[in-house]
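# Architecture and fold: a report
Spelled out from the first residue to the last, the chains are:
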Amino acid sequence: MFAAPMSKVITRFAPSPTGFLHIGGARTALFNWLYAAHHGGHMLLRIEDTDRERSTQAAIDAIIDGLSWLGLTWEGEPISQFARAERHREIARQLLETGHAYYCQCTPEELAEMRQRARAEGRPVGYDGRCRDLNLKPPHDKPLALRFKSPDAGRIVIEDRVQGPVTFEAAALDDLVLLRADGTPTYNLAVVVDDHDMGVTHAIRGVDHLTNAARQSMIYEALGWTPPVFAHIPLIHGSDGAKLSKRHGALGVEAYRAMGYLPEAMRNYLARLGWSHGDEEIFSTEQLIEWFDLDNVGKSPARFDVAKLQSVNGWWMRHLDTLTLRDRFMVFLPHAEDRELADKAARVLETDTGWARFTQALPGLKERAKTLAELLELSAWLFRGRPLPLTDKARKILDKGGRKVLADILPVLEAVPHWTEEALETAIKAFAEEKELKLGKVAQPLRAALTGSTVSPGIFEVLAILERDESLARIGDQLAGHG
RNA sequence: GCCCCCAUCGUCUAGUGGCCCAGGACGCCGGCCUCUCACGCCGGAAACAGGGGUUCGAGUCCCCUUGGGGGCGCCA
């Protein structure tokens with residue numbers, strides 16, 4: 001084994017701006033980013049916007065927003081492929097001059113008809129090369145497109161880092177369009193020129209580009225350029241096994257942000273879709289960078305499993321330190337789906353008391369929430385004002401004897417000299433023992449009155465966080481029949 | 001139709017010829033813990049698509065079948 005001369009690794013994420021950043025695109029970006037980071041290189045962000053009809057600024061913004069939220073960074077400014085059209089045309093001319101391209105007068109309508117007939121007759125549906133030897137030149141009565149003259153014999157072998165060697169018969173690949181009749185470059189030309197010009201060393205993208213790799217490889221050959229290392233990663237499928245596409249209701253990453261998933265959990269989960277490192281399941285970003293490589297990327301497609309994402313997210317919710325989690329929560333709030341609660345939360349968190357209580361409650365809360373959205377829900381008792389609305393279950397507890405318990409314990413609580421978790425626990429346990437009640441019979445009515453719910457952190461903790469006045473007032477509300 | 005790719009529990013995967021009557025994780029089921037809910041812990045059900053080879057030996061290599069996916073645009 002000889003060590004190849006190592007040039008700096010440059011990868012690129014090259015989305016077309018026709019919609020949001022969906023899950024598959026996000027994973028492709030992640031793999032490119034991780035690979036570059038692992039090898040001490042960097043990733044480029046190139047917007048493949050040569051199709052002016054479909055490219056939108058809103059989509060570009062959504063992609064950048066999504067990548068930023070995921071914490072995926074790129075070198076320099078995002079590159080517009082369309083802006084480099086002149087350079088693409090220059091190379092197209094070069095291809096024409098060296099005999100690797102020719103003009104074609106077929107109209108899109110004629111081509112569609114040709115394909116339709118071929119399909120009906122069971123023949124290959126590619127372009128049949130009818131203009132190949134016509135020697136057409138620009139001033140012509142019909143608009144001319146420029147086609148690549150692909151070799152009609154031999155085979156193309158792609159040494160793919162993920163797929164292994166993949167062989168195509170050159171004859172099976174038809175003559176693709178390089179320049180449209182309006183003179184704009186198409187994808188396959190632009191990609192080759194850009195990857196070459198930008199020094200891209202590794203092209204990591206979905207397998208749906210595998211055939212393109214063969215076509216591009218022929219163009220590299222004609223130009224005398226060296227192609228980058230190709231790595232075609234399997235696609236992500238929906239739970240039904242079909243391609244996870246926008247058409248199948250796949251969501252953009254911003255939807256996952258709105259559902260309360262953490263970027264670290266998203267990276268963790270996405271990395272595990274197709275890539276593995278032994279039996280490891282949980283990866284910090286540092287570990288991902290240290291361990292990620294193309295060797296451990298599988299070849300078979302993976303299905304997107306929300307339950308697993310939930311679980312990974314829950315792990316990160318529990319293990320992120322409180323202050324970091326609080327930051328994530330603040331970023332999440334403006335995107336939360338429950339606007340009513342989120343707005344209330346934002347207002348309460350602007351107050352010193354609200355901020356302090358939330359921070360204090362967070363360690364107990366985060367254990368119980370699998371997403372930031374659940375965290376918001378579980379924190380509602382900190383955000384909603386008195387009298388607290390009750391859930392059906394909470395109301396039931398109060399109605400079925402709970403109020404009596406509250407009435408009995410109120411004087412006990414009022415008499416607690418120092419309102420601390422420990423003192424409250426001692427007092428309440430003593431009360432329960434004296435009344436011969438199981439602790440649950442006391443805790444649940446208290447929980448209902450203090451949080452309006454049957455689910456919350458430990459009851460002594462809740463009392464301590466709410467402090468004396470607020471706690472007693474909430475109990476008083478229920479005794480007075482409010483809420 | 002033609003070309004290419006893929007195939008281990010329901011799902012994500014470990015496995016690179018003997019360490020595998022197949023391991024982990026999610027989910028599911030049962031139990032423990034317990035002031036609720038989570039967490040945590042213990043246990044359970046659950047897979048090498050089928051058929052041929054190669055080999056002393058195959059989940060691992062080869063072939064076929066079946067199933068799935070992708071591509072075949074003047075989209076990217």
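Predicted model only: the values in this text are computed from it and were never measured.

Across all of its chains, the model carries 11 aromatic pairs by this definition. Between Y256 and F304, the ring centres sit 5.7 Å apart and the planes meet at 65 degrees, which makes this aromatic pair edge-to-face. With Y256 in helix α7 (residues 253–258) and F304 in the loop between β12 (302–303) and α10 (306–319), this residue pair connects regions lying 48 residues apart in the sequence. Classification of F304 by relative accessible area gives buried; the value is 9%. Relative to F283, the ring of W275 has its centre 5.1 Å away and its plane inclined at 55 degrees; by these criteria the two rings are tilted. Assessed through its relative accessible area of 0%, W275 is described here as buried. An aromatic cluster is present here, built from F31, W275, F283, W291 and F292 joined pairwise through their rings. We note R27 situated over the ring of F31; from NZ or CZ to the ring centre the distance is 5.2 Å.

Between helix α17 (residues 421–434) and helix α19 (residues 459–479), whose axes approach to 9 Å, the crossing angle comes to 130 degrees. Regarding the angle of α17 to α19, the classification is oblique. Crossing geometry of α17 relative to α19 is assigned as right-handed. Facing E421, L424, E425 and I428 of α17, the residues of α19 in contact are F460, E461, L463 and A464. Grouping the amino acids of the contact of α17 with α19 by side-chain chemistry returns 5 nonpolar, no polar and 3 charged.

Tallied over the entire structure, the rule returns 33 salt bridges. Of the charged contacts, one joins R84 and D194 as a salt bridge, the two residues approaching to 2.6 Å between their closest N and O atoms. Of this pair, R84 sits in the loop between β3 (79–80) and α3 (85–97) while D194 sits in helix α5 (residues 187–197), placing them 110 residues apart in sequence. On the accessibility criterion, D194 (0% relative accessible area) is buried. Here the salt bridges do not stand alone but share partners, grouping R12, R46, E48, R84, R87, E90, D194, D195 and D197 into one network.

Turning our eyes to something else, we now look at the protein's contact with RNA strand B. Close to RNA strand B lie 66 residues; E48, C106, R180, K299 and R447 are nearest. Counting only atoms of RNA strand B within 4 Å of the protein, the fraction found in sugar and phosphate groups is 69%. Between RNA strand B and E367, the relevant distance is 2.9 Å, taken from a sugar or linking oxygen to a main-chain nitrogen or oxygen of the residue. Measuring from a base oxygen of RNA strand B, one finds a side-chain N or O atom of R447 at 2.4 Å. Looking at the surface near RNA strand B, the elements with two or more residues in it are α4 (108–120), β5 (145–148), β7 (164–169), α6 (210–223), β12, α10, α18 (439–451) and α19. The residue makeup of the surface near RNA strand B, split by class, is 23 nonpolar, 22 polar and 21 charged.

What follows concerns the sheet that holds strand β4 (residues 101–104). Strand pairing in a sheet relies on backbone hydrogen bonds, with the paired strands running either antiparallel or parallel. An order of β4-β5-β8 is seen for the 3 strands of this open sheet, with the pairing classed as antiparallel. Two strands close off the open sheet at either side, each with one partner strand: β4 and β8 (177–179). Pairwise comparison of adjacent strand axes, ignoring direction, gives a mean angle of 45 degrees for this sheet. Where β4 and β5 come together, 4 bridges link them in antiparallel fashion. Along β5, the bridge assignment pairs Y102 with R147.

Attention now moves to the side chain of R447. Turning to its location among the elements, R447 is positioned in helix α18. Buried and without a salt bridge, R447 has E461 as its closest oppositely charged side chain, separated by 8.7 Å. Polar contacts involving the side chain of R447 include one to the side chain of S456, which spans 2.9 Å. Discounting residues that sit within four places of it in the chain, R447 has contacts with G452, S453, T454, V455, S456, P457, G458 and I459.

On to the confidence of the model for chain A. Mean pLDDT over chain A stands at 93; residues scoring 70 or higher make up 96%. Two numbers describe this predicted complex: its pTM, 0.94, and its ipTM, 0.95.

Regular strands show a simple pattern: their side chains alternate between the two faces of the sheet. Here 6 bridges tie strand β6 (residues 155–160) to β7, and the two strands are oriented antiparallel to one another. When the sheet's bridge partners are listed, R155 is paired in β7 with E169. From the end of β6 to the start of β7, which pair antiparallel, there are 3 residues.

Reading the values: rules and limits
- Residues numbered from 1 in each chain as written.
- Chains lettered and ligands numbered in written order.
- Predicted model: local features only at pLDDT ≥ 70, side-chain atom pairs only at ≥ 80, totals over all residues.
- Heavy atoms only, no water.
- Phe/Tyr/Trp six-rings, centres within 6.5 Å; stacked < 30°, edge-to-face > 60°.
- Helix = DSSP H or I, 4+ residues; strand = E, 2+ residues; numbered from the N terminus.
- Buried < 20%, exposed > 50% of the residue type's maximum accessible area, 1.4 Å probe, protein only.
- Lys NZ or Arg CZ within 6 Å of the ring centre and 35° of its normal.
- Axes fitted to C-alpha atoms, helices over the stretch in contact; angles between N-to-C directions.
- Parallel < 35°, antiparallel > 145°, perpendicular 65-115°, else oblique.
- Left-handed = near helix turned anticlockwise from the far one by under 90°.
- Contact = heavy atoms within 4.5 Å.
- Nonpolar A, V, L, I, M, F, W, Y, C, P; charged D, E, K, R; others polar.
- Salt bridge = Lys/Arg side-chain N within 4 Å of Asp/Glu carboxyl O.
- Near = heavy atom within 4 Å.
- Polar contact = N/O pair within 3.5 Å; in protein donor to acceptor, adjacent residues only side chain to side chain.
- Pairing = 2+ DSSP bridges.
- Lys, Arg positive; Asp, Glu negative; His and termini not counted.
- pLDDT = per-residue confidence, 0-100.

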